[in-house]
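Structural characterization, general
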Amino acid sequence: MFDRANSLLGTNWTLHDLRHTAAYRPARDPKMPLTDVQWVLGHAHLSTTQLYLPADRDEVIEHVRAHHARRTNAAERVPPASSGRLPP
């Protein structure tokens, strides 16, 4: 059946291509542990499963902005260093 579909569509898709597509969504789901995706795919190494996590430009920008916002908030909560002198 797959050969007939490829022939009709002029494609050369494989079952492995479908596996890749099926793994992409759960790997990018923040509520799905990547180790679970690793187990389902049967990968021996988590680094192999991480290949399904290409960085999306907008996501990277959002993460960097959130990182800087957290750093700014943390810096604002730190009391200034004392000079060692008592106020007059």
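All of the points below concern the structure found in this document.

What counts as what
- Residues numbered from 1 in each chain as written.
- Predicted model: local features only at pLDDT ≥ 70, side-chain atom pairs only at ≥ 80, totals over all residues.
- Heavy atoms only, no water.
- Core = buried A, V, L, I, M, F, W, Y, C linked by side-chain atoms within 4.5 Å.
- Buried < 20%, exposed > 50% of the residue type's maximum accessible area, 1.4 Å probe, protein only.
- Helix = DSSP H or I, 4+ residues; strand = E, 2+ residues; numbered from the N terminus.
- Axes fitted to C-alpha atoms, helices over the stretch in contact; angles between N-to-C directions.
- Parallel < 35°, antiparallel > 145°, perpendicular 65-115°, else oblique.
- Left-handed = near helix turned anticlockwise from the far one by under 90°.
- Contact = heavy atoms within 4.5 Å.
- Nonpolar A, V, L, I, M, F, W, Y, C, P; charged D, E, K, R; others polar.

**Thoughts on the nonpolar core**
- Judged by nonpolar contacts, Ala23, Ala27, Leu34, Val37, Leu41 and Tyr52 together constitute the single largest core of six residues.
- Of all elements in the fold, only α2 (15-28) and α3 (34-41) reach the threshold of two or more residues within this core.
- If you tally residues by element for this core, the top one is α3, at three residues.

**Comments concerning the packing of α2 against α3**
- Where α2 contacts α3, the two axes come as close as 10 Å, and the packing angle between them is 160°. With respect to α3, the axis of α2 lies roughly antiparallel. Seen along the crossing, α2 lies across α3 with a hand that is right-handed. Contacts from Arg19, Ala23, Pro26 and Ala27 of α2 reach α3 at Leu34, Val37 and Leu41.
- Its residues assigned to classes, the contact of α2 with α3 comprises six nonpolar, no polar and one charged.

In short, shape yes, function no, at least from these values alone.
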